[in-house]
Amino acid sequence: MMGSQVDSVPTGGRYDGQLGVLCGLEVIPHVNDRKLRTRHPVTLAIFTNEEGARFQPAMIASGVMAGKIALEDAYNARDKDGIPVWSTQLERIRYLG
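Presented here is a report on the structure given in the accompanying data block. Just so it is clear, the model here is predicted, and its values are computed rather than measured.

Focus on the overall build of the chain
Working step 1: Secondary structure assignment for the chain yields 4 helices and 2 strands.
Working step 2: Its helices and strands taken in sequence order, the chain reads β-α-β-α-α-α from the N to the C terminus.
Working step 3: With the C-alpha coordinates aligned to their principal axes, the bounding extent of the chain is approximately 50 × 30 × 25 Å.
Working step 4: Counting over 97 residues, the chain shows a buried share of 26%.
Working step 5: Residue pairs in contact within the chain that sit at least 24 positions apart in sequence constitute 39% of those at least 6 positions apart.

Quick look at the pattern of salt bridges
Working step 1: Applying the stated rule across the entire model yields 2 salt bridges.
Working step 2: The partner of lysine 80 in a salt bridge is aspartate 81, with the nearest N and O atoms 3.8 Å apart.
Working step 3: By relative accessible area, lysine 80 is classed as exposed at 80%.

Digging into helix 1 (residues 16-33)
Working step 1: Taking 1.5 Å of rise per residue, the 18 residues of helix 1 would be expected to cover 26 Å, and the 27 Å separating its terminal C-alpha atoms lies within 8% of that figure.
Working step 2: Taken together, the buried positions of helix 1 are Gly17, Val21, Gly24 and Val31. Viewed end-on, helix 1 has its buried residues packed into an arc of 90°, placing them on one side of the element. Along helix 1, exposed side chains directed more than 90 degrees from the buried face belong to Leu19, Glu26 and Asp33.
Working step 3: Buried residues belonging to helix 1 abut strand 1 (2-5) and strand 2 (44-47).

Calculation rules
- Residues numbered from 1 in each chain as written.
- Predicted model: local features only at pLDDT ≥ 70, side-chain atom pairs only at ≥ 80, totals over all residues.
- Heavy atoms only, no water.
- Helix = DSSP H or I, 4+ residues; strand = E, 2+ residues; numbered from the N terminus.
- Buried < 20%, exposed > 50% of the residue type's maximum accessible area, 1.4 Å probe, protein only.
- Contact = heavy atoms within 4.5 Å.
- Salt bridge = Lys/Arg side-chain N within 4 Å of Asp/Glu carboxyl O.
- Expected span 1.5 Å × (residues − 1).
- Arc of directions from axis to C-beta.

If you want it as structure tokens, here you go:
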């Protein structure tokens, strides 16, 4: 599994997470084109709210994947204005991942 998060941090690296996602997107076609065999399937992971800059707790998406945060709790995490995760960009793009 490779990838990263797609959120950014106001005082951190603006594109660090996005670069990790793009790097994974670049690797997968090369593995396939060269017919490389791997022990396990290669998967691209794209997480949201890993930095916790807007919603608490941090690492919501990976926390759900690891079974540490209930999906319902992740969707209902709210920012300082009371706006829940699900009603922001996830709703706009019609993807509650």
